[in-house]
Amino acid sequence: MKVYRSKIDWWLIIVIFIVFCYPMVEGVLSKDYVMFSVSFGILSLVFLMFKSIKYKIDGENLHIWWTKIDIKSIKKIYSTHNPLSSPALSLDRIAVVYNKYDEVLISPKEREDFIRELLKINPNIVVVA
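Residues numbered from 1 in each chain as written. Predicted model: local features only at pLDDT ≥ 70, side-chain atom pairs only at ≥ 80, totals over all residues. Heavy atoms only, no water.

Teacher, can you tell me more about the packing of helix H1 (residues 10-29) against helix H2 (residues 33-52) here?
The description of two packed helices rests on the angle between their axes and on the distance between the axes. Packing of H1 against H2 brings their axes to within 6 Å, and their N-to-C directions diverge by 155 degrees. Classified by the interaxial angle, the pair formed by H1 and H2 is roughly antiparallel. Pair H1 / H2 crosses with left-handed handedness. Contacts between H1 and H2 pair Leu12, Ile16, Phe17, Phe20, Cys21, Pro23, Met24, Glu26, Gly27 and Val28 from the former with Tyr33, Met35, Phe36, Ser39, Phe40, Ile42, Leu43, Val46 and Phe50 from the latter. (Axes fitted to C-alpha atoms, helices over the stretch in contact; angles between N-to-C directions. Helix = DSSP H or I, 4+ residues; strand = E, 2+ residues; numbered from the N terminus. Parallel < 35°, antiparallel > 145°, perpendicular 65-115°, else oblique. Left-handed = near helix turned anticlockwise from the far one by under 90°. Contact = heavy atoms within 4.5 Å.)

Here's what the structure looks like:
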């Protein structure tokens, strides 16, 4: 089994810390510990979500969170910067088209290695740069 982590955009980290660290600091300074606790809890959940975004190639299956995709059903992979909600922490993404009309947007950190591994299992995948 090969595991690939999501690429993370630097600006996303800055936005997350500004949004959640400001209320934490404000909560401490104003002695509003409920605000601090809630902000800290949400920041912890966001961190756990960041750590859980992985793409696993296990045999002939690609696992993305709870989704299992048969690699033999993948038709096409292409680059995209589509901002739609997806299991990706970067806008530098690839779209994986599988089955007849299904598509998922992901952002593996080692993109070339990831695509190479998929092509070893299914050489019929069309890769569009």
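Whenever I open this one, the nonpolar core confuses me. Can you help?
A general feature of soluble globular proteins is that nonpolar side chains tend to end up buried together. Counting residues in hydrophobic clusters, the biggest one holds 29 residues, and the most contacted among them are Tyr55, Leu62, Ile74 and Phe114. Mapped onto this core, the elements with two or more residues apiece are H1, H2, strand E2 (54-58), strand E3 (61-64), strand E5 (74-80), strand E6 (93-98), strand E7 (102-106) and helix H3 (111-121). If near-sequence neighbours (up to four positions away) are discounted, Ile74 is found in contact with Leu62, Ile69, Val96, Val97, Tyr98, Leu118, Asn122 and Ile125. (Core = buried A, V, L, I, M, F, W, Y, C linked by side-chain atoms within 4.5 Å. Buried < 20%, exposed > 50% of the residue type's maximum accessible area, 1.4 Å probe, protein only.)

How should I be thinking about a nonpolar patch on the surface in this particular structure?
Taken together, Trp10, Trp11, Ile14, Val15, Ile18 and Val19 make up a surface patch of nonpolar side chains, about 630 Å² in accessible area. As for its placement among the helices and strands, Trp10 is situated in helix H1. Overall, the relative accessible area of 63% leaves Trp10 in the exposed class. (Patch = residues over 30% accessible without salt bridge, like charges linked within 9 Å, V, L, I, M, F, W, Y side chains within 5 Å. Areas by Shrake-Rupley, 256 points an atom, 1.4 Å probe, with all protein chains shown as cover. Salt bridge = Lys/Arg side-chain N within 4 Å of Asp/Glu carboxyl O.)

How do you make sense of H1 when you look at a structure like this?
Since one α-helical turn is 3.6 residues long, residues separated by three or four positions face the same way. Over its 20 residues, H1 extends 28 Å from the first C-alpha to the last, a length consistent with the 28 Å expected when each residue adds 1.5 Å. Considering only its buried residues, H1 is in contact with H2. Just past H1, the residue Lys31 takes up positive phi, approximately 60 degrees. (Expected span 1.5 Å × (residues − 1).)

What should I look at first to understand the pattern of salt bridges in this one?
Once the charged atoms of two side chains with opposite charge are near each other, the side chains can pair. Applying the stated criterion across every chain yields a total of six salt bridges. The salt bridge partner of Arg111 is Asp92, with a shortest N-O separation of 2.8 Å. With Arg111 in helix H3 and Asp92 in the loop between E5 and E6, this residue pair connects regions lying 19 residues apart in the sequence. Its relative accessible area of 15% is what places Arg111 among the buried residues. A single salt-bridge network, built from bridges that share partners, covers Lys2, Asp113, Arg116, Glu117 and Lys120.

What am I meant to see in the layout of surface pockets here?
The probe, sized like a water molecule, is rolled over the atoms to show the empty space still left. Of the volumes computed, that of the largest pocket is approximately 260 Å³. Taken together, 14 residues line the largest pocket, and the ones lying closest to its centre are Ile8, Ile13, Phe47, Phe50 and Lys51. The set of elements that each furnish at least two residues to the lining of the largest pocket consists of H1 and H2. Of the residues forming the lining of the largest pocket, the biggest block, five residues, is contributed by H2. Looking at the lining of the largest pocket residue by residue, the class counts come to 10 nonpolar, one polar and three charged. As for the second largest pocket, its lining consists of 15 residues, and the residues nearest its centre are Leu12, Ser86, Ala88, Leu89 and Arg93. In terms of residue class, the lining of the second largest pocket is made up of 10 nonpolar, three polar and two charged. (1 Å grid on protein atoms, 1.4 Å probe; cavity = no way out; pocket = protein on both sides within 12 Å on 5 of 7 lines; lining within 4 Å. Points joined across faces, edges and corners; volume = space filled by probe spheres on them. Nonpolar A, V, L, I, M, F, W, Y, C, P; charged D, E, K, R; others polar.)

Please clarify how the pairing of E2 should be interpreted in this entry.
Walk down a regular strand and you will see the side chains alternate between the two sheet faces. Of the two faces of E2, the one lined by Tyr55 and Ile57 is fully buried and the one lined by Lys54, Lys56 and Asp58 carries no buried residue. Sheet topology note: the E2/E3 ladder contains four bridges and is antiparallel. Looking at the pairing, Tyr55 lines up with Ile64 of E3. (Pairing = 2+ DSSP bridges.)

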